[in-house]
Amino acid sequence: MSGAIWFIGESEDGRLQSSGAGVATLVRQLAAAAGADAVGLIVGSEPERAARELAGYLPSVLWARSAGADSFVSPSAQAAVIGRLVAVRDPGYVVLPATPAGRELAGALAARLQWGVLTNAVDVSWDGRPIAHSIVFRSDLKVRSAFAGDHGVITLQPNVVTPVLSGAAGTLEEVAMLDGELASPVRRTELVTGTAAASVEHARVIVTGGAGVGSREGWALVESLAASLNAAVGATRPAVDAGWVGYSQQIGQTGKTVRPDLYVALGVSGEVQHRVGMRMARAVVAINTDRDAPIARYSDLFVVGDLAVIVPLLIERLRETRPSGLPG
Amino acid sequence: MQVVVLTKSVPNTTGDEGLGPAFRLDRNAIDPIINPNDEYAIEVALRLAETQPGVQITMLTMGPAAAWPGLSKGLAVGVHNAILVSDPALEGSCALGTANTLAAALRRITFDLILAGADTSDGRAGIVGAAVATLLGIPFITHAGTLAVGNGAVQVRRLRDDGHERLEAPLPAFVSVTQEVGDLRYPSLRGIMGSRSRKPTTWSLGDLGIEPADAGGARATTIVLDVEPPQPRLPARIVAGEPGAVVGEIVEFIAERRIVS
Ligand SMILES: Cc1cc2nc3c(=O)[nH]c(=O)nc-3n(C[C@H](O)[C@H](O)[C@H](O)COP(=O)(O)OP(=O)(O)OC[C@H]3O[C@@H](n4cnc5c(N)ncnc54)[C@H](O)[C@@H]3O)c2cc1C
Ligand SMILES: Nc1ncnc2c1ncn2[C@@H]1O[C@H](COP(=O)(O)O)[C@@H](O)[C@H]1O
């Protein structure tokens, strides 16, 4: 039997983070293929509820509570705890979501354990060892890679696996912290929340606006089309830089990676740095005045035309005839 | 204050990348530039130097000698020194190997603050920074939008999906930055001319006290098994013309595809 495969989860406001269930599902399936144990681990200030949620996906879940008033647990402190647990319990592989928090924790763990890291997997299969599948570079090359040794850290694109409950509640085990183990020199001095737009990461439909939207007034069209399609609003970087929308909605290399069923791109050229964030979309509709815009090559339906003319008409038509097959 | 900026040399992604032996990027064959996200780290360092006296900025790169011309832009915008860790044995380094080598180089210099980009345009791993900081045993904060230094600590503001937060760490510390840093400066003509003749301080593995057998491809923790081109995509249905008809096509497409099951 191979060493266990661990999923390192996070709690967000006391709940399992949104990307957690999908990644945990993959870990369970991978462990089944490997004949290994699948184990979840959550370290946080309020880990219990998230741990219980995670136990819906994994047969066994470890959790550890950070002491102290601050809800902030620094990733270096988390890595120290996880590193200690790994040394004692000897899992084979550790999987995390390729989110900002998951990546920094992956880096810290890799350094601490001197394990290799395979990053941004879109799938992981088992063939005597984990095989990470990823898509790289401008030309969308499909790469399969593996670890040279018997251990490693894998970061998985957060929304590539549909969460599936295991059908049985996993066991929960609290792990004791050592004295001062979670003490960290990094302090959080301010936290402002509650300014969020609907998250693009798990949206089934996304309406994205680019520079071609032209103005803040034009942006209202993006939002109202999104509303009529029950979609989240996405953005290219120039739209974020122009201040029409927050950075949390940016899709691409320095933004989110999304995988909706429908991606509607309004005034988006489709440069590679944008495309890496949306190339897994299942269907793409683009509206662009430029017939030769690169996004034409990645669209299923490419509409040559002025979005300022087409989008209001589209919103009106959608109001009259709600097409079947839209969410909600 | 000594500021070190980790700057990777990456291919300028204007064409399809060539893959060399063992499916590695052929780094000698492509026009190298500074990883765009690392330019934000340089910008942050330059802003610090403008607001406080005595800031010395050093760029640190691990990469082939051919990386240099692309990196010299850093000197042209005002970075003071550049160190290039370059050795034939480093070819084929994995992400962990890169972090180990960068940490070995950093142990040879003094620093108060290490800056880096959030991730690289070629690897997109986003792990090297936290790994380097962990190896050096210093606190790290990633994905900073703005940064200030005072009272022996670095203060960072960064975005969250649902708002923002401020974090603080005592120096020496590591911080990675995002595009939220904002506009980058362009090098002046004088800067470009002045940087042209300058060369980086180059360190080999020997200079770092590392045996070639303990680094690079010889110690890579990850291997590429195979690379395949993507499935060719069906060409898009292209529609143009009368807006009313076009809108009908869009509505039909959504219905036809049963977009959501
Ligand atoms: C390090 C780095 C990271 C980056 N990260 C990201 C990222 O995460 N996400 C991202 O999106 N970009 C990113 N970029 C920027 C990226 O390279 C492109 O510049 C950007 O994606 C282009 O955005 P755009 O399509 O909105 O604008 P443009 O490229 O300017 O395209 C606008 C499009 O709108 C069309 N248009 C104009 N008017 C109309 C109209 N009335 N009706 C219909 N169409 C119209 C035009 O024909 C054009 O195709 C990054 C760049 C770098 C260097
Ligand atoms: N070879 C390298 N030389 C210098 N800095 C690097 C190198 N590789 C990565 N970095 C730094 O680490 C950051 C994250 O890189 P990565 O984990 O590869 O995405 C980059 O933005 C750089 O600042």
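Below you will find a few notes about this structure. Sequence positions are assigned chain by chain, starting from 1 and proceeding in written order. Going through the entries in the order they are written, you letter the chains from A and number the ligands from 1. Local features in this predicted model are restricted to residues of pLDDT 70 or higher, and side-chain atom pairs are both shown and tallied only at a pLDDT of 80 or more, whereas totals for entire chains, interfaces and linings draw on every residue. As a rule here, side-chain values cover all heavy atoms of the structure and leave hydrogens and water aside.

## Notes on the overall build of chain B
Inference 1: For the purposes of this entry, the term helix denotes a DSSP run of H or I that reaches at least four residues, the term strand denotes a run of E that reaches at least two, and both are numbered from the N terminus. Tallying secondary structure elements over chain B gives 7 helices and 14 strands in all.
Inference 2: Each principal axis of the C-alpha atoms in chain B carries an extent, and together these give about 65 × 45 × 40 Å.
Inference 3: To sort residues, take the accessible area from a 1.4 Å probe on protein chains only and compare it with the maximum for the residue type: under 20% means buried, over 50% means exposed, and anything in between is partly exposed. Every one of the 261 residues in chain B was classed for burial, and the buried ones make up 52%.
Inference 4: Note on contacts: a residue pair is in contact if any heavy atoms of the two residues lie within 4.5 Å. Summarising the internal contacts of chain B: among those between residues at least 6 apart in sequence, 71% fall at separations of at least 24.
Inference 5: Working definition of accessibility: Shrake-Rupley area with a 1.4 Å probe, residue cover restricted to the visible protein chains. A total accessible area of about 11,500 Å² is found for chain B, and carbon and sulfur atoms account for 52% of it.

## Focus: the side chain of B:Thr178
Inference 1: Mapped onto the elements, B:Thr178 comes out in the loop between strand 11 (173-177) and helix 6 (189-196).
Inference 2: Setting aside chain neighbours within four positions, we find B:Thr178 in contact with A:Tyr247, B:Tyr40, B:Ala118, B:His143, B:Ala144 and B:Gly145.

## What to know about the environment of A:Val23
All names here are of chain A.
Inference 1: Within the fold, Val23 resides in helix 1 (residues 20-34).
Inference 2: Val23 gets classed as buried once you look at its relative accessible area, which sits at 0%.
Inference 3: Considering only alpha carbons, one finds Val23 and Thr162, 139 residues apart in sequence, at a separation of 8.6 Å.
Inference 4: Each residue touching Val23, except ones within four places of it in the same chain, is listed here: Phe7, Val95, Leu96, Pro97, Leu156 and Pro158.

## With respect to the site of ligand 1
Inference 1: If even one non-hydrogen atom of a residue comes within 4 Å of a molecule or strand, that residue is called near it. Close to ligand 1 lie 28 residues; A:Ala211, A:Thr236, A:Ser269, A:Gln273 and A:Asn288 are nearest.
Inference 2: In the analysis that follows, any N or O atom pair within 3.5 Å is treated as a polar contact, provided that within protein one partner can donate a hydrogen and the other can accept it, and provided that, for residues neighboring in sequence, both atoms belong to side chains. Between ligand 1 and the protein, one listed contact pairs an oxygen atom with a side-chain N or O atom of A:Ser269 at 2.7 Å.
Inference 3: Between a nitrogen atom of ligand 1 and a side-chain N or O atom of A:Asp306, the distance comes to 2.8 Å.
Inference 4: Look at ligand 1: alone it shows 990 Å² of surface, and the protein chains cover 78% of it.
Inference 5: Within the residue set of the shell around ligand 1, elements represented by two or more residues are helix 6 (237-241), helix 7 (272-278) and strand 17 (284-288) of chain A together with helix 1 (36-51) of chain B.
Inference 6: Split by residue class, the shell around ligand 1 holds 8 nonpolar, 16 polar and 4 charged. In this count, Pro and Cys sit with the nonpolar residues alongside Ala, Val, Leu, Ile, Met, Phe, Trp and Tyr, while Asp, Glu, Lys and Arg are called charged and the others, Gly among them, polar.

## Some thoughts on the sheet that holds strand 16 (residues 262-266) of chain A
Inference 1: The 6 strands are arranged 15(A)-14(A)-16(A)-17(A)-18(A)-14(B) in an open sheet whose pairing can be described as parallel. The sheet is open, and its two borders are formed by strand 15 (232-235) of chain A together with strand 14 (237-240) of chain B, each paired with just one other strand. Across this sheet, the average inter-strand angle for adjacent strands is 20 degrees, counted without regard to direction.
Inference 2: Here 4 bridges tie strand 18 (residues 301-304) of chain A to strand 14 of chain B, and the two strands are oriented parallel to one another. Looking at strand 14 of chain B, one finds that A:Phe302 is bridged to B:Ile238.
Inference 3: Only the stretch in contact is used when fitting a helix axis, every axis being a line fitted to C-alpha atoms; angles between N-to-C directions are given from 0 to 180 degrees. This element, helix 5 (residues 216-228) of chain A, spans strand 14 (205-209), strand 15 and strand 16 of chain A of the sheet and lies at about 140 degrees to strand 15 of chain A.
Inference 4: Along the sheet face, helix 7 (residues 243-256) of chain B touches strand 16, strand 17 and strand 18 of chain A together with strand 14 of chain B and points at about 150 degrees away from the line of strand 14 of chain B. Two strands pair under a simple rule: DSSP has to find at least two bridges between them.

## A few points about the site of ligand 2
Residue and element names in this part refer to chain B.
Inference 1: Taken together, 18 residues surround ligand 2, and among them Leu6, Asp38, Gly126, Ile127 and Val128 come closest.
Inference 2: Leu6 has a polar backbone atom sitting 2.7 Å from an oxygen atom of ligand 2.
Inference 3: Starting from 480 Å² of accessible surface for ligand 2 in isolation, the protein chains cover 97%.
Inference 4: Elements with a contribution of two residues or more to the shell around ligand 2: strand 4 (56-62), helix 4 (95-106) and strand 6 (113-117).
Inference 5: Considering every element that reaches the shell around ligand 2, the biggest residue donor is strand 4, with 3 residues.
Inference 6: For the shell around ligand 2, the class distribution of residues is 8 nonpolar, 7 polar and 3 charged.

## Some words on the interface of chain A and chain B
Inference 1: In this complex, chain A contributes 92 residues to the contact, which on the side of chain B involves 80 residues.
Inference 2: Put simply, a salt bridge is a Lys or Arg side-chain nitrogen that is within 4 Å of an Asp or Glu carboxyl oxygen. Joining chain A to chain B, the criterion identifies 6 salt bridges.
Inference 3: Notably, a salt bridge pairs B:Glu165 with A:Arg188, separated by 2.9 Å at the nearest N-O pair.
Inference 4: Counting across the interface, chain A meets chain B through 25 residue pairs in polar contact (both at pLDDT 80 or more).
Inference 5: Here the side of chain A that touches chain B gets 9 residues from one element, more than from any other, and that element is helix 4 (residues 100-113) of chain A.
Inference 6: In the side of chain A that touches chain B, the residues fall into 47 nonpolar, 24 polar and 21 charged.

## Brief notes about the nonpolar core
Inference 1: For our purposes a nonpolar core is just a set of buried Ala, Val, Leu, Ile, Met, Phe, Trp, Tyr and Cys residues, chained together by side-chain atoms within 4.5 Å. Among the nonpolar cores identified, the biggest contains 64 residues, and A:Trp6, B:Leu6, B:Leu60 and B:Leu106 are the most heavily contacted of them.
Inference 2: Beyond its immediate sequence surroundings of up to four residues, A:Trp6 is in contact with A:Val27, A:Val39, A:Leu41, A:Leu62, A:Leu85, A:Val86, A:Arg89, A:Pro91, A:Tyr93, A:Val94 and A:Val95.
Inference 3: Grouped together as the second largest cluster of nonpolar side chains are 38 residues, A:Ala235, A:Ala283, A:Leu301 and B:Ile254 included.

## Some words on the packing of aromatic side chains
Residue and element names in this part refer to chain A.
Inference 1: What counts as a ring pair is set by centres within 6.5 Å for rings of Phe, Tyr and Trp (its six-membered ring), and what kind of pair is set by the plane angle: stacked under 30 degrees, edge-to-face over 60, tilted for all other angles. Scanning the model with the defined rule gives 3 aromatic pairs over all chains in all.
Inference 2: Consider the rings of Tyr93 and Phe147, whose centres lie 5.7 Å apart with planes at 20 degrees: the pair is stacked. Taken together, the residues Tyr93 in strand 6 (residues 93-97) and Phe147 in strand 10 (residues 141-147) connect sequence positions 54 residues apart.
Inference 3: Linked through ring pairs, Tyr93, Trp126 and Phe147 together constitute an aromatic cluster.
Inference 4: Think of it as a cone above the ring: NZ of Lys or CZ of Arg counts as a charge over the ring if it is within 6 Å of the ring centre and within 35 degrees of the ring normal. In this structure, Arg275 is placed above the aromatic ring of Tyr298, and the distance from its NZ or CZ to the ring centre is 4.0 Å.

## Remarks on the packing of helix 3 (residues 75-89) of chain A against helix 4 of chain A
Residue and element names in this part refer to chain A.
Inference 1: Following both chains from N to C, one finds helix 3 and helix 4 inclined at 45 degrees, their axes separated by 9 Å at the closest point. Taken together, the axes of helix 3 and helix 4 are oblique relative to one another. As for the relative orientation of helix 3 and helix 4, their crossing is right-handed in sense. For the pair helix 3 and helix 4, the contacting residues are Pro75, Ser76, Gln78, Ala79, Ala80, Ile82, Gly83 and Val86 in the first and Glu104, Leu105, Ala108, Leu109, Arg112 and Leu113 in the second.
Inference 2: Its residues placed into classes, the contact of helix 3 with helix 4 shows 9 nonpolar, 3 polar and 2 charged. Roughly parallel means an angle under 35 degrees; roughly antiparallel means over 145; roughly perpendicular covers 65 to 115; every other angle is labelled oblique. Crossings are assigned a handedness: left-handed for a near helix turned anticlockwise from the far helix by less than a right angle, right-handed for a clockwise turn.

## A look at the environment of B:Gln231
Inference 1: Locating B:Gln231 in the fold gives a position in the loop between strand 13 (222-228) and strand 14.
Inference 2: Linking B:Gln231 and B:Ile210, residues 21 residues apart in sequence, is a C-alpha distance of 43 Å.

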